[in-house]
Protein chains: 2
Amino acid sequence: MLGGTNLPRVRDYNQGVVLEAIRVGDGASRVEIAEKTGLTAQTVSNIVRRLLDQALVVEAGSDPSGRKPRVKLRINPQAGYAIGALIDRDETSLVLMALDGTIVTRTRSAVDQSLGAQGVITQLANQVEWLVNESDIPRTKILGMGIGCPGAMDHERGIVYEPLNLFGWNWREVRLKEELVERTGFPVIVDNDATAAAIGERWVGGAQGVPNFAFVFMGMGVGAGLYIENQIYRGDTTNAGELGHITLNMDGPLCFCGNRGCVEVYCAPESMVKEARNRLQAGAESSLKHSYGNNADIEVDIEMLSKAALACDPLALEVVTGSARMLAAGITSLVSLLDLRLVVLGGKRLHRLGSIYQSEVQRALDARLITRNIRQVRVELSQAGEDAGAVGAAAMVLHEIYSPRLSELNLV
Amino acid sequence: MLGGTNLPRVRDYNQGVVLEAIRVGDGASRVEIAEKTGLTAQTVSNIVRRLLDQALVVEAGSDPSGRKPRVKLRINPQAGYAIGALIDRDETSLVLMALDGTIVTRTRSAVDQSLGAQGVITQLANQVEWLVNESDIPRTKILGMGIGCPGAMDHERGIVYEPLNLFGWNWREVRLKEELVERTGFPVIVDNDATAAAIGERWVGGAQGVPNFAFVFMGMGVGAGLYIENQIYRGDTTNAGELGHITLNMDGPLCFCGNRGCVEVYCAPESMVKEARNRLQAGAESSLKHSYGNNADIEVDIEMLSKAALACDPLALEVVTGSARMLAAGITSLVSLLDLRLVVLGGKRLHRLGSIYQSEVQRALDARLITRNIRQVRVELSQAGEDAGAVGAAAMVLHEIYSPRLSELNLV
C-alpha cells in the first residue's frame, strides 16, 4: 500500500527534479527549468539558490537570445565524484567519474578465479586505492562506490548469492557491501550489472526523457535493467530483469540454471564460442581455422570470434547473428510484456558487435511485436560504450543522492 | 523526465492514501490510519473530516478494546457506483458495482459476431440501460462505465485497434469510448481486460498491500495486468502485459499474430479444444467421445472439455494440464523479468479450471525461477471469481477517481 507524503519530502523531491533538469538541459535557464518541471518560477528560483550555495550548480554565462538575457545553469562537475566497479567472470573494471559523467580515471584487471570471493574483494579494494591516488581527487569529494555484479542478490543489504555466471568461484552469500565499506571506507551500493548500466545510461546521456526503457546488458551472461515510469525498477527482491533466463524453447538445450532453452543458452559469449568450436571441429571453413590451426582442440575465444565476425568471416558472422537473433526474440518478449519505447544494448562484448545486435533486435521488434502496426520501438547502442557497466555502477551512487524519486515521497 | 510537485497535488494524493487505508483496513480508526500511512494524526483527522463531509466515509461504531474507544471508519458503499463491462469473443458481461466492491446487478449476453462493432456497442448500451433500471440506483450516483477488452488499443483515447482475438469481427480502430459516452451519457474508460482485472483484484480484496503482482487473465486469449510499485502499469502505448504473445518455442506452431510458438498458441481455450478434437479424431479414449459420438466432426467445446477435466477424464485432464504447463512457462518468464511477489489467475474459463492452473503455475515457479532458492512466489485464484473482468472494468472507474497515484503528484 502507498503511504502519504509531507512537505519536507516534497522539498527534497523538487530539488532532485530541478537538479535533473539542469543536468539534462545543460545550460538551461531558470525560466526553462520552470517550464520543463511545471514548478513555479519562485520555487525554481529558491531551489537554484540552494544548489548554488551548495556549489552543486554553477552559473555559466548568459544566453542573450531572448528579450532579457537568461543566466545559464550547469552542473558543477567538481562537486562530487563516484567510483564504479563491474565484476564479470574474467575481469573487474573500474572508473572514477565526476558528477557530470566525465570519467576521470579507469582501470581493468583480469580475475584469478582460484582466489574466490576474498581474492576479488581484495583486488577491488586495491583498484579503488589506485584510482583514488591516480586521480588526485581528495577522498572527501568521493561520494561512494557502486558495484555492478551478476545476480541473484539482495541489493538492500549488498549481499550476492551464488551468481550462476560466476560458477566455479565458489561464491555463496558474499557480503560485498559490508566487506568493501570496511576495506575502502566509502559508502557502497551493490546491484545487478544490468540495473547499474540502465542507471548509467540515463546519467551520461542516453535514454534521457524516456520514461520506459530497458538496458540489455551482456557480460558473461545476459540481463536487463528496467526503467519504468521514469524510475529504476528493481522488483520485489531486487532481482528484476532476468532476461537471460526466460524460456525461448521449452525443449532447448539445458541451461546451468536447471531449465531448458533459456535466452542465455543461445546468446551468451560462452555459447557462441562453443558453437563456433563445434562447427570448426565439424570441418566448417573459416578464417579462424586458418589462423589457429586445424586440430580438434581448437582455441577460439570470444575476442577472436568477435574480430572474425566484424571482418565478415562467414562462420563467425553466422554464429554471432544466431546469438543476436535469439537475444532479439527474448527482447521481443520483454517489450511485449512491458511496452517499452526504447531498448539500449550494451556491455563490453555486445558493444563490439553492436551493429549486428542492433539490426537483429530492430528487425525482430518491427516484425514480431503485437503492436507493430501502431508503434515502433527504438533500439540503440549504449552511449557509455564499453564501460557501460562500470559507468553505471558509479552512476548508482550519484543517482541515489541526486535523482528525483517518486518513491521517496512515499512515507511508508 | 519527472516534473516537480506542489501542495494541492499532495493534498489530493494524501486524501487518496487515507481513503485506500479505510477501504483496505475496513473499520480502521484514525490512529491506525495514521500509523499505516505515515501521516500525522492532524493530517489524517483533517482528511477524514473532508471524507465524512463528502459522505464517502461513515463512522461505524467504536472499538472499545483500547484505552480510549476509537471510532471505526468505513467506506460508504452508497456513495458511488460504477458499471463494468467485459467484451470477449463469445459474450459481453456487465456488473453494476458499489464503492465497496459489492455487486448490485449483473448481466451476460452472447455476442452475435456478424453484427460487427456497431452490434456490440448497441448491445452494451442496452445492457447498461437494463442494469441501471434493474438496480433502482439514481443515474447521478453512477460515476462512470469501465470497459475491458482485448488489445491492441489506445487507452487514453479509448480506441480499440484490430483486436486479434476478435478476429472475424472486422473491428478496426473502433472508438469505443466516444461511442459509449454518446449512447449511455456516462464517462467511459476503456482498457485491456487483464489490466482491468488487476485493478479489480486490488479493489475487491485480493492483492491488497502487494506492491508488485500480475493478474494473468484468460478470456479467449491470455494477457497480464501489471501492478508495479503499487501502481497499475500500462506501458508506453498502454499495451503492456501481452503475455499471450511472448515466445515459448521459436519453432512452435504458427500463431494468428504472425509469429511462432506464442503462449496463446498453446494455452488459449480454442487451442485446447483443437487439441482435444485432434486426439479424439485420432481415436483416443475419453468420456467426451461417449457423450458426443464417435464421428470425425466431433463437437467439443470449452465448456464440455472443462467439465470433463474436472471430472478427471484422462484426455481432457491431459489437454488442460498441457495448457496450464505452457501458461506456467510464460508466467515464469514474466516473473523472472519483473520479480513479482504474487501471481493472480482469473477470467471465467481459467477460474473454472482454477485448481489445475494454480498447481501447475506454482510448481513451475518453484522449480524454474532463478531466485527459487531465496524466495517463493505466491499463486492465487482471483477473489473476484468468474466476474473478474467485469468487476475489474467497474473498478477502473473507482480507481481513477479514488486511488492514490504517485504519478498524479508529477506536474509534467
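Refer to the structure above for everything that follows.
For clarity, every value in this text was computed on a predicted model and none was experimentally measured.

Conventions used here
Counting from 1, residues in each chain are numbered in the order their sequence is written. Chain A is the first chain written and ligand 1 is the first ligand written, with later ones labelled in order. The predicted nature of this model means local features are confined to residues of pLDDT at least 70 and side-chain atom pairs, given and counted, to a pLDDT of 80 or more, with totals for whole chains, interfaces and linings taken over all residues. Values reported for side chains reflect all heavy atoms of the structure, with hydrogen atoms and water molecules removed beforehand. Strands are runs of DSSP state E lasting at least 2 residues, helices are runs of H or I lasting at least 4, and numbering of each runs from the N terminus. To get the radius of gyration, use the C-alpha atoms; to get the globule rule, take the number of residues to the power 0.38 and multiply by 2.2 Å. Only heavy atoms enter the contact rule, under which two residues are in contact if any of them lie within 4.5 Å. Using the Shrake-Rupley algorithm and a 1.4 Å probe, accessible areas are obtained, with residue cover drawn only from the displayed protein chains. Positive charge is attributed to Lys and Arg, negative charge to Asp and Glu, and no charge count is given to His or to the chain ends. Charge coordinates come from a single atom per side chain, which is NZ of Lys, CZ of Arg, CG of Asp or CD of Glu. Here, strands pair whenever DSSP counts at least two bridges between them. Between N-to-C directions, angles span 0 to 180 degrees; the directions come from axes that are lines fitted to C-alpha atoms, helices contributing only their stretch in contact. A simple way to read buried area is as the amount of 1.4 Å-probe accessible surface that goes missing from two parts once joined, with both sides added. Only one rule defines a salt bridge in this text: a Lys or Arg side-chain nitrogen within 4 Å of an Asp or Glu carboxyl oxygen. Throughout this description, a polar contact denotes any pair of N or O atoms lying within 3.5 Å of each other; where both atoms belong to protein, one of them has to be capable of donating a hydrogen while the other can accept it, and for residues adjacent in sequence the pair is counted only when both atoms sit in side chains. Any residue that is not Ala, Val, Leu, Ile, Met, Phe, Trp, Tyr, Cys, Pro, Asp, Glu, Lys or Arg is counted as polar, Gly included; the first ten are nonpolar and the last four charged.

Visitor: Would you mind going over the overall build of chain A with me for this structure?
Guide: Broken down by element type, chain A carries 14 helices and 15 strands. Relative to the 2.2 N^0.38 estimate, which gives 22 Å for 412 residues, the radius of gyration of chain A is 23 Å and therefore close to what a compact globule would have. Looking at chain A alone, contacts between residues at least 24 apart form 63% of all its contacts between residues at least 6 apart. Carbon and sulfur atoms make up 47% of the accessible area of chain A, which amounts to about 15,700 Å² in all. Averaged over its 41 positive side-chain charges, chain A has a centre that lies 6 Å from the centre of its 48 negative ones.

Visitor: When you look at the sheet that holds strand β15 (residues 378-381) of chain B in this model, what are you seeing that I'm missing?
Guide: Think of a sheet as strands paired side by side through backbone hydrogen bonds, with each pair either parallel or antiparallel. Residue and element names in this part refer to chain B. Spatially, β13-β12-β11-β14-β15 is the arrangement adopted by the five strands of the open sheet, whose pairing is mixed. Bordering the open sheet on either side are β13 (231-233) and β15, each of which pairs with just one other strand. For this sheet the average axis-to-axis angle between neighbouring strands, irrespective of direction, equals 25 degrees. Of the pairings in the sheet, the one linking strand β14 (residues 342-346) to β15 comprises four bridges and is parallel in character.

Visitor: Which parts of the structure should I look at to understand the interface of chain B and chain A?
Guide: In many analyses, interface size is given as the accessible surface area lost on bringing the parts together. Residue-level contacts link 75 residues of chain B with 75 residues of chain A. Of the roughly 6,400 Å² buried between chain B and chain A on both sides combined, carbon and sulfur atoms contribute 60%. Seen at the junction of chain B and chain A, the total is four salt bridges. Between Arg341 of chain B and Asp236 of chain A there is a salt bridge; the shortest N-O distance is 2.8 Å. Linking chain B with chain A are 38 residue pairs in polar contact (both at pLDDT 80 or more). Top element by residues in the side of chain B that touches chain A is helix α1 (residues 7-24) of chain B. It accounts for eight residues. A class-by-class count of the residues in the side of chain B that touches chain A yields 36 nonpolar, 24 polar and 15 charged.

Visitor: I tried to follow the sheet that holds strand β4 (residues 91-98) of chain B on my own but got confused; where do I start?
Guide: All names here are of chain B. Strand order across the open sheet formed by five strands is β5-β4-β3-β6-β10, with mixed pairing between neighbours. The open sheet has two free edges, formed respectively by β5 (103-110) and β10 (188-192), since each of these has just one partner strand. Going from strand to strand, the sheet's axes swing by 15 degrees on average, the running direction of each strand aside. Inspection of the sheet shows β4 paired to β5 by seven bridges, in the antiparallel sense. Following the sheet pairing, Leu96 is matched in β5 by Thr105. Of the strands in this sheet, β3 (81-87), β4, β5 and β6 (142-149) are in contact with helix α4 (residues 116-135), which crosses β5 at around 150 degrees. Packed on one face of the sheet, helix α6 (residues 193-204) meets β3, β4, β6 and β10 and runs near 110 degrees to β10.

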